[in-house]
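# Structural overview
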Amino acid sequence: MRRRTVLAGGLGLAAGTGLGSGASARARTGGDGDTYGELLARWRAVLVGPGAPQGPYADAYARAVAAHDAVAAGRLAGLVIDEDAPSPWPDLPLDETPALSANVTAAADRLRSLALATATPGGQWYGNADAAARTASGCRVLWRARYHAGQAQYGNWWDWEIGTPRALTDALALLGPATDAATAAGLLAAVDHFVPDPRRMLRGELESTGANRVDLCRVVAVRGALGGDDGRLTSAAAALSGVLDPVPLGDGFHADGSFLMHTSVAYPGTYGEVLLRGMAELMRLLAGTAWDVGAPERRLTAEAVDRTFVPLTHHGLTLDAVRGRAIARHTATDADDGFRLALDLLLLADALPPPEAARLRATAKYALAHNTWRDLAVRSPAQVATAATVLGDDSVVPADGPLGHFGYDGMERYVHRRPGWTYCLSLNSDRVARYEYMNGENAHGWHTGDGASLLYVDGEGADPYPYTDAYWPTCDPKRLAGITVDTAPLPVGAGGDNDHVPLSGTRWSGSVRLGDTALAGCDLRGTDSPLRARRSWLFLDDAVLTAGSGITATGGRRVESVVQHRQRPGAFTVDGAAQPDTPGVTRAHPGARWAHLAGTGGHVFLHTAASCRLRSLREDREGAWADIRQGGPTARLTRRYLTLWHDHGEEPADAAFADLLLPGATAATTAARAAAPGVEVLRLDREAHAFRAGQVTAAVFFTAGSAAGITADGPCAVLLAEDAAGTLRVAVADPSRSVPAVTLRIADGRRTLAADPGLTVLATGRGGLRLHAATGGTRGAGLTAAFSATGTPARPARLTSLPPDADATVRGGAHAGLNDGRGDVLTVRRAAAADDTRRAYLRFRLPGGARPERAVLWVYGAIPKDPDSRASDLLHHPLRAHATAPGARWGERRLTWDTAPAPAAPLGEGLLTTYPDWTGLDVTGAVRDAAARGEAYVTLALAQDDEGPEMRLDSRESGGRTPRLHVLTR
């Protein structure tokens, strides 16, 4: 039976549930029926699923129902329903000391599970009035004992505002009239008490964001349906507006498809999946009503599937690189989260137009068919029934996700999906956490964001679940594949995002991309270590080049660069010689040119400094989930690993290496590539990395420099690629986010075909290409151009970079007569009070000569944030440049609010956030007008159009990143 049939037919939930007083409200579903009864019927369909499947999946469903029934029997037997019981279950004390708020949620979850058992067709408790009554009585106990209006929160806010109310509103929807009116009303009042506004969380202290916002909307919407409350439904629907809009930093989706939660943690695989499921559920619930999910949110949800979720999977497994601290949960493996994502796609499909729905079902079927880590029968009955709708439907042809390169600079994750394999790189920065350690979870995650790579390979002999079978509790957390690491032990939580500890990563981290070829790099900083290393990765069609240079440490520290760390390894050969499989013996491989691991692929060693000694080790490693997660299973587990690494020794100085990874390659292919790698290392030192692979040239400049025929006047990453038609494409980005613009010189005489806005071609022809890339404010995004021998020659251009010859801040109100022209900070704010309102003024001496074609004012700064508050992390606000009246004359140390020229015509606008960065403001109009009048100077004012937070910008006295005016003339 298809899910649409169930929804269309309804489940006949009784209208008179005694759950509210909204029966007189006007029906909103387009007819005269009971609106709230229909909403509850829809929600019940979402929770219960499409019912028992027929055919090959009937047995799995029956076994899932039987297992659920057995658990329900135990829960019912232990349920305490005495009027004054302190908890529905004695093993879940609800005490405040210690603050066991998790037990409140656990009790609610058990009640939800019992309610679901009474509503699941085919089960022994289905329609059992006594079981429903006992479950409702359990709800009453929880309400009276702990979850009621007026109760103060303790422990984790999530339990009170999301976990418990989500479970209890589901239980009420499933139990219907079995719950007495007083209990239902009391629980709804409790939900109103703990979740008065879905836009707020943490006792109202923070604005809710991302997955938390959607969860809160789900709670409030179901509560509104239960209570017949138009206001609550309207509140939930309104709060969904904009929840998927791209954010410039922090929680939520970013323009490149990144998804962060807890401000700085890459989280599409868990929190993102919860958000997707919540959106799909609410689309189903509210379809066709006055509270329907808006068209923009529907569109963005569907786009997020293609841009974010599907590329971050491999054969139905959600990549561990985006699952945060969930990698430490034995019940939530990559296979489990991938299974849930596939079901989310099916739920979402039922709310989308037929073409999109068909595509999602095909993707989900592919994932479900490949992800068989757990027997389908161990899933919940609703999950089995939902999966069976596509697994048993021959008309749905499974389709894998797209191949290609998917770069997520906003969360420092880079995924290369090729035929037969997927590679995922995890980096960190001063924007993105190395890892998250929270609530006792992910105790050994220290290096999961230090260049760790995940490799999934298909084909004969390959492990389809390389990270699923107790990998994280048994692996060596100091030897994850891909990392350069100080081998000294670390304490739990070191270097992670823990209780808002400032991030310890580098500023130089990011990538540049041309089509499906990409180049990533980072200036790696060790965790609580003097280790420094420059790293890069070049993503090619059939390989990934990994390189390191400047690998240095002092203080007796020993450093390694890990090539591979694989569970259940196959046969291992080095330069064609089979290596013994005896565990526990470290072997040296001096002068090795290549190595091969059966079922995984090959490694070709392109460059190894004398200090890089190749080592390998097979070992049986032991661990327990309890080692990495508080409260996890304590049973000791043993798994065999093979580790291959470069040993840089103690206190290395400028060590370097370059390896070519060939996923899925045979030993013969690997040997052939070692003889003719097809990749050349052109430069590999502390300042730059440069490589050539066929028609691709790649260069990472950690500082200004030259390599591979490219000269850059600042830090950047550059890719050049020539196609069969002779067109040269160029891409440039500034992963360091440290300069407003980069000028490139490329030894190539081709002419311009096209260029992105922000990339100006200064010259072409015999002297080579000269390009000016305005990388400031792009948040690391790349700019591209194309050149051809037959293209249009660029008109000679000159770009002049001007410092201000004067700048000052002025302040209104009681401070209107004071001058602040000597400080190293320019301050801008429009406040409700004149005393707190500030503007900044800058004066530039204009270059003589040709009429300006474009002028951009670059300023560097940020919105100050409270280091003890996550609320301020997400602040962002526009900054506006203004022209001033012609002929303005002022002195830097005399300018005040009273004497400053009034802002005139508004010019360009830029966005400032709490992350210090460059912002470019188009001031062409003011500069052109001043030049046309023959004036030698131009004065620009900086202000906010609307009330906003304080902005602090580096002034010309700062000695740091001072303002610049870039003027282009021809």
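Here is a short report on the structure shown in this document. (Residues numbered from 1 in each chain as written. Predicted model: local features only at pLDDT ≥ 70, side-chain atom pairs only at ≥ 80, totals over all residues. Heavy atoms only, no water.)

### Section: the overall build of the chain
For clarity, the threshold we go by: Think of it this way: any DSSP run of H or I at least four residues long counts as a helix, any run of E at least two long counts as a strand, and we number them from the N terminus. We take the radius of gyration over the C-alpha atoms and set the globule estimate at 2.2 Å times the residue count to the 0.38 power. Between buried and exposed lies partly exposed: a residue is buried under 20% and exposed over 50% of the maximum accessible area for its type, with that area taken using a 1.4 Å probe on protein chains only. Contacts: residue pairs with any heavy atoms within 4.5 Å of one another. Reported accessibility uses the Shrake-Rupley method at a 1.4 Å probe radius. Residues are deemed covered only where the shown protein chains occlude them. His is not counted, nor are the chain ends; Lys and Arg add positive charge and Asp and Glu add negative charge. To locate a charge, take NZ of a lysine, CZ of an arginine, CG of an aspartate or CD of a glutamate.
When helices and strands are tallied, the chain shows 18 helices and 48 strands. Against the globule reference of 30 Å for 970 residues, the chain gives a C-alpha radius of gyration of 31 Å, in line with a compact fold. Structurally, the chain occupies a C-alpha span of about 90 × 80 × 55 Å along its principal axes. Looking at the chain as a whole, 60% of its 970 residues qualify as buried. Long-range contacts, defined here as pairs at least 24 residues apart, represent 72% of the contacts in the chain between residues at least 6 apart. Just so you have it, the chain exposes about 34,800 Å², and 51% of that area is on carbon and sulfur atoms. In the chain, 101 side chains carry a positive charge and 107 a negative one; their mean positions are 5 Å apart.

### Quick notes on the pattern of salt bridges
What counts, and what does not: Here, a salt bridge means any Lys or Arg side-chain nitrogen found within 4 Å of an Asp or Glu carboxyl oxygen.
Going through the model one piece at a time under the given rule, you end up with 69 salt bridges. Two residues, Glu-96 and Arg-146, come together in a salt bridge whose shortest N-O distance is 3.5 Å. Pair noted here: Glu-96 is in the loop between α3 (58-78) and α4 (101-119) and Arg-146 is in the loop between α5 (129-145) and α6 (157-175), with a separation of 50 residues, a long-range link. Linking Asp-430 and Arg-431 is a salt bridge whose minimum nitrogen-to-oxygen distance equals 3.4 Å. Take Asp-430: its relative accessible area is 26%, and that puts it in the partly exposed class. Since its relative accessible area comes to 13%, Arg-431 is described here as buried.

### A short note on the sheet that holds strand β29 (residues 705-707)
Put simply, the rule reads: If DSSP finds at least two bridges between two strands, the strands pair. To obtain each axis, a line is fitted to C-alpha atoms, and for helices this fit is confined to the stretch in contact; angles are then taken between N-to-C directions over 0 to 180 degrees.
The antiparallel open sheet is built from five strands, whose spatial order is β29-β30-β33-β36-β35. Each end of this open sheet is capped by a strand with a single partner; those strands are β29 and β35 (759-763). This sheet shows a mean twist of 20° between the axes of neighbouring strands, independent of strand direction. Note that strand β30 (residues 710-712) and strand β33 (residues 742-746) share three bridges and pair antiparallel. From the neighbouring strand, Ala-712 faces β33, where its bridge partner is Leu-744.

### Notes on the side chain of Asp-251
Rule in force here: Two N or O atoms count as a polar contact when they lie within 3.5 Å, although within protein this holds only if one can serve as hydrogen donor and the other as acceptor, and sequence-adjacent residues are included solely when both atoms are side-chain atoms.
Considering the arrangement of structural elements, one finds Asp-251 in the loop between α9 (230-240) and β3 (252-253). On the basis of relative accessible area, Asp-251 is assigned to the buried category, the value being 10%. Only 2.8 Å separates the side chain of Asp-251 from the side chain of Thr-209, close enough to count as a polar contact. A polar side-chain atom of Asp-251 sits 2.6 Å from the main-chain amide nitrogen of Thr-263. The residues touching Asp-251, leaving out its near neighbours within four places in the chain, are Thr-209, Leu-260, Met-261, His-262, Thr-263 and Leu-874.

### Regarding the packing of aromatic side chains
Here is the rule we go by: Stacked, tilted and edge-to-face pairs are distinguished by plane angle, under 30 degrees for stacked and over 60 for edge-to-face with tilted covering the rest, among Phe, Tyr and Trp rings (Trp via its six-membered ring) whose centres lie within 6.5 Å. Our definition puts a charge over a ring when NZ of Lys or CZ of Arg is within 6 Å of the ring centre and also within 35 degrees of the ring normal.
Taken as a whole and judged by the stated rule, the model has 16 aromatic pairs. With centroids separated by 6.1 Å and ring planes inclined at 10°, the aromatic side chains of Tyr-147 and Trp-160 adopt a geometry described as stacked. One end of the pair, Tyr-147, is in the loop between α5 and α6; the other, Trp-160, is in helix α6, and 13 residues separate them in sequence. Looking at Trp-160, the relative accessible area reads 0%, which means it is buried. Chaining the aromatic ring pairs together yields one cluster made of Tyr-456, Tyr-467, Tyr-471, Trp-472 and Tyr-641. Looking at Arg-843, its charged tip hangs above the ring of Tyr-937, at a distance of 5.6 Å from the centre.

### Brief notes about the packing of helix α13 (residues 354-370) against helix α14 (residues 381-391)
Note the following rule: Just so you know how the angles are binned, under 35 degrees is roughly parallel, over 145 roughly antiparallel, 65 to 115 roughly perpendicular, and the rest oblique.
The geometry of α13 relative to α14 is characterised by a closest axis approach of 9 Å and an angle of 110° between their N-to-C directions. In terms of orientation, α13 lies roughly perpendicular with respect to α14. Mapping the contact onto sequence places Arg-361, Lys-365, Leu-368 and Ala-369 in α13 and Ala-387, Val-390 and Leu-391 in α14.

### Details of α5
Formally: One less than the number of residues in a helix, times 1.5 Å, gives the span that helix is expected to have.
Here α5 is 17 residues long and its end C-alpha atoms lie 24 Å apart, about the 24 Å a rise of 1.5 Å per residue gives. All of the buried residues along α5 are Ala-131, Ala-132, Thr-135, Ala-136, Gly-138, Cys-139, Val-141, Leu-142, Trp-143 and Ala-145. Buried residues along α5 sit against α3, α4, α6 and α7 (181-194). Measuring from the side-chain oxygen of the N-cap residue of α5 to the backbone nitrogen of Asp-130 gives 3.0 Å; that N-cap residue is Asn-128.

### Description of empty space enclosed by the protein
Basically, it comes down to this: As defined here, a cavity is a set of points on a 1 Å grid over the protein atoms alone where a 1.4 Å probe fits but cannot get out. A pocket is an open set with protein on both sides within 12 Å along at least five of seven lines, and residues line them when an atom is within 4 Å of a point. Grid points are joined across faces, edges and corners, and a volume is the space filled by probe spheres set on the points.
This structure, assessed with the given rule, holds 11 cavities of 30 Å³ or more. If you add up the space inside the largest cavity, you get close to 220 Å³. Asp-320, Ala-321, Arg-413, Ser-426 and Thr-448 are, among the 21 residues lining the largest cavity, the residues nearest its centre. Elements represented by at least two residues in the lining of the largest cavity include exactly β5 (265-266), β11 (452-457) and α15 (471-474).

### Considerations on the nonpolar core
What counts, and what does not: Within this scheme, the nonpolar core is defined by two criteria: the residues are buried Ala, Val, Leu, Ile, Met, Phe, Trp, Tyr or Cys, and they are joined through side-chain atoms within 4.5 Å.
Core analysis: the largest hydrophobic core is formed by 118 residues, its most contacted members being Leu-142, Tyr-147, Met-279, Leu-282 and Leu-368. Formed by 56 residues, the second largest nonpolar core is a distinct cluster that contains Phe-406, Ala-452, Trp-472 and Val-562.

### Remarks on the layout of surface pockets
Gaps between atoms show up when a probe of the same size as a water molecule is rolled over them. This is how it is decided: Each residue receives one of three labels: charged for Asp, Glu, Lys and Arg, nonpolar for Ala, Val, Leu, Ile, Met, Phe, Trp, Tyr, Cys and Pro, and polar for the others, Gly being one of them.
Its boundaries defined by the atoms lining it, the second largest pocket holds a volume of some 1,000 Å³. Taken together, 46 residues form the lining of the second largest pocket, with Pro-248, Leu-249, Arg-431, Arg-737 and Tyr-915 sitting closest to its centre. Put simply, the parts of the chain that give the lining of the second largest pocket at least two residues each are β42 (852-862), β44 (903-913) and β45 (917-922). Counting residues per element, the lining of the second largest pocket draws most heavily on β44, at five residues. Looking at side-chain class alone, the lining of the second largest pocket contains 18 nonpolar, 16 polar and 12 charged residues.

### Re the environment of Arg-199
Mapped onto the secondary structure, Arg-199 falls in the loop between α7 and β1 (200-201). Separated by 534 residues in sequence, Arg-199 and Ala-733 have C-alpha atoms that sit 36 Å apart.

### Quick notes on unusual backbone geometry
Residue Pro-98 follows Thr-97 across a cis peptide bond; omega there is -5°. Considering the arrangement of structural elements, one finds Pro-98 in the loop between α3 and α4. Of note, His-315 is a non-glycine position whose phi angle comes to about 50°, a positive value. Along the polypeptide, His-315 turns up in the loop between β6 (313-314) and β7 (317-318). Of note in the backbone geometry, Asp-654 takes a positive phi value of approximately 60° without being a glycine.

### Focus: the sheet that holds β11
Whenever strands of a sheet pair, they do so through backbone hydrogen bonds, lying parallel or antiparallel. Taken in spatial order, the four strands of this open sheet run β8-β9-β10-β11, and their pairing is antiparallel. Each of the sheet's edge strands pairs with one partner strand only, and the pair in question is β8 (404-408) and β11. For this sheet, the mean inter-axis angle between neighbouring strands, taken without regard to orientation, is 10°. Pairing between strand β9 (residues 413-418) and strand β10 (residues 421-426): six bridges, direction antiparallel. Bridging across to β10, His-416 finds its partner in Tyr-423.

### Overview of the pairing of strand β43 (residues 876-884)
Where burial is concerned, most of β43 is hidden: seven out of the nine residues are buried. Note that β43 and β44 share seven bridges and pair antiparallel. Counted as the bridge partner of Thr-884 is Pro-903 from β44. Looking at chain direction, β43 and strand β46 (residues 937-943) are connected through four bridges and run antiparallel. Pairing of Arg-880 across the sheet is with Ala-943, part of β46.

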